[in-house]
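Chain by chain, the residues:
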Amino acid sequence: MPWPAHPTEAVEADLLLGVAPMKPLVLICSQDAELYLFLSHILGVDGFTSEPAGGVKEAIAAADERELQAVVLDCGPASATGSKICATFKSEPRTGGLPVIALIAPGAENQHLDLLKAGIDESFVRPIAPATLLDCLRTKLALPKPGSNGAENGSWLCCGGLEMKLDAYRVRGNGHDIHLGPLEFNLLRHLLEAPGKVFSRDELIDAAWPNNIHIGARTVDVHISRIRKALKAASPDSVIRTVRSAGYSLEKPDG
């Protein structure tokens with residue numbers, strides 16, 4: 001099956017055929033698991049899907065196996081992998097039309113020139129607001145903004161005084177902002193989706209970590225402890241209960 005000459009052609013073809021278009025697939029090239037989880041989450045709630053790649057070979061393999069719509073590069077000071085991946089994609093006829101966006105870490109600003117020579121479509125120095133990356137992807141892929149078709153733009157998960165706004169990556173307790181890392185956010189989200197239900201550590205690992213990363217039970221305990229500490233300060237009525245030999249549960253509020 002031939003690759004589309006431009007990534008938007010696949011979406012346009014679906015619309016012409018009268019079928020629901022598939023979610024755009026974005027390749028995230030990063031060796032930082034925390035950053036990948038963060039990017040994967042913000043893309044997921046905005047209607048994208050994502051695939052991880054750690055290096056040049058993995059990125060090429062993903063392009064061979066999947067119909068990518070865009071590529072996001074994590075460019076750190078200790079690695080020049082980003083420009084190599086970009087140059088490789090831009091040199092191939094079947095991937096040359098894919099938008100490639102670089103997220104440049106502080107201290108790696110000297111990679112700008114190499115990325116420009118490699119054919120980068122857009123680059124940002126981190127940290128950037130999630131909305132900036134999402135708007136860039138939607139512009140490059142000619143996609144409408146969420147909510148422009150009348151659909152609900154984002155949603156809240158709530159349990160007592162605890163609230164989580166999924167599309168804004170925001171958590172509040174009794175009206176106060178609670179700051180969580182991407183792993184803690186995903187763990188709390190899973191608990192919030194079913195208050196009162198006991199989740200095993202294996203279930204929580206599946207919900208919060210990529211499939212290709214081995215995580216032990218103790219690591220889950222550490223991140224749950226961090227969530228508890230954050231909740232205690234802003235939302236003391238929100239309690240994560242330990243169920244011995246079973247796992248964890250977010251207690252339902254009384255009444």
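Coordinates for the structure precede this section.
Just so you know, these numbers come straight off a predicted model, no measurement behind them. (Residues numbered from 1 in each chain as written. Predicted model: local features only at pLDDT ≥ 70, side-chain atom pairs only at ≥ 80, totals over all residues. Heavy atoms only, no water.)

(A) Focus on the environment of Arg189. Along the chain, Arg189 falls in helix H7 (residues 182–192). In this view, Arg189 contacts His41, Val45, Leu157, Met164 and Leu166; residues no more than four positions away in its chain are not counted. (Helix = DSSP H or I, 4+ residues; strand = E, 2+ residues; numbered from the N terminus. Contact = heavy atoms within 4.5 Å.)

(B) View of the sheet that holds strand S9 (residues 176–178). Read from one edge of the open sheet, four strands run S6-S7-S8-S9, paired in antiparallel fashion. Taken across any chain shown, the strands that pair with only one partner, and hence form the sheet edges, are strand S6 (156–159) and S9. Averaged over all neighbouring strand pairs, the angle between strand axes comes to 25 degrees, with direction disregarded. For strand S7 (residues 162–165) and strand S8 (residues 170–173), the ladder comprises four bridges, and the chain directions are antiparallel. Bridge assignment links Met164 to a residue of S8, and that residue is Val171. Contacts from H7 reach S6, S7 and S8 within the one sheet, and its direction differs from that of S7 by about 115 degrees. Along the sheet face, helix H9 (residues 217–234) touches S7, S8 and S9 and points at about 170 degrees away from the line of S9. (Pairing = 2+ DSSP bridges. Axes fitted to C-alpha atoms, helices over the stretch in contact; angles between N-to-C directions.)

(C) Geometry of the pattern of salt bridges. For the structure shown, the criterion picks out 11 salt bridges. For Glu193, the salt bridge goes to Arg189, with nearest N and O atoms at 3.2 Å. Of the residues examined, Arg189 reaches a relative accessible area of 23% and is grouped as partly exposed. Salt-bridge contacts for Asp221 lead to Arg201; the nearest nitrogen and oxygen are separated by 2.8 Å. Placement of Asp221 in helix H9 and of Arg201 in helix H8 (residues 201–208) is noted, with a sequence separation of 20 residues between them. According to the relative accessible area criterion, Arg201 is partly exposed, its value standing at 23%. (Salt bridge = Lys/Arg side-chain N within 4 Å of Asp/Glu carboxyl O. Buried < 20%, exposed > 50% of the residue type's maximum accessible area, 1.4 Å probe, protein only.)

(D) Highlighting the sheet that holds strand S2 (residues 49–53). Spatially, five strands are ordered S2-S1-S3-S4-S5 in an open sheet, and the strand pairing comes out parallel. Sheet topology places S2 and strand S5 (122–125) at the edges, where each strand pairs with a single neighbour. Going across the sheet, the axis of each strand differs from the next one's by a mean of 20 degrees, ignoring polarity. In the sheet, strand S4 (residues 100–104) pairs with S5 via four bridges, with the strands oriented parallel. Across the sheet, residue Ile101 finds its bridge partner in S5, namely Glu122. Set on the sheet, helix H4 (residues 81–91) makes contact with strand S1 (25–29), strand S3 (70–75) and S4; between it and S3 the angle comes to about 155 degrees.

(E) Structural detail: the side chain of Ser238. Looking at where Ser238 falls in the secondary structure, it is placed in the loop between H9 and strand S10 (240–243). Within the structure, the side chain of Ser238 is placed 2.7 Å from the side chain of Ser235, a separation counted as a polar contact. Non-local contacts of Ser238, meaning those with residues more than four positions away in its chain, are made with Cys159, Leu162 and Leu231. (Polar contact = N/O pair within 3.5 Å; in protein donor to acceptor, adjacent residues only side chain to side chain.)

(F) Summary view of helix H2 (residues 33–45). Between its terminal C-alpha atoms H2 stretches 18 Å, which fits the 18 Å expected from 13 residues at 1.5 Å a residue. All buried positions along H2 are accounted for by Leu35, Tyr36, Leu37, Leu39, His41, Ile42 and Leu43. Looking at where H2 begins, the residue whose side-chain oxygen comes 3.0 Å from the main-chain nitrogen of Glu34 is Asp32. One or two steps after H2, the chain reaches Gly47, where phi turns positive at roughly 100 degrees. (Expected span 1.5 Å × (residues − 1).)

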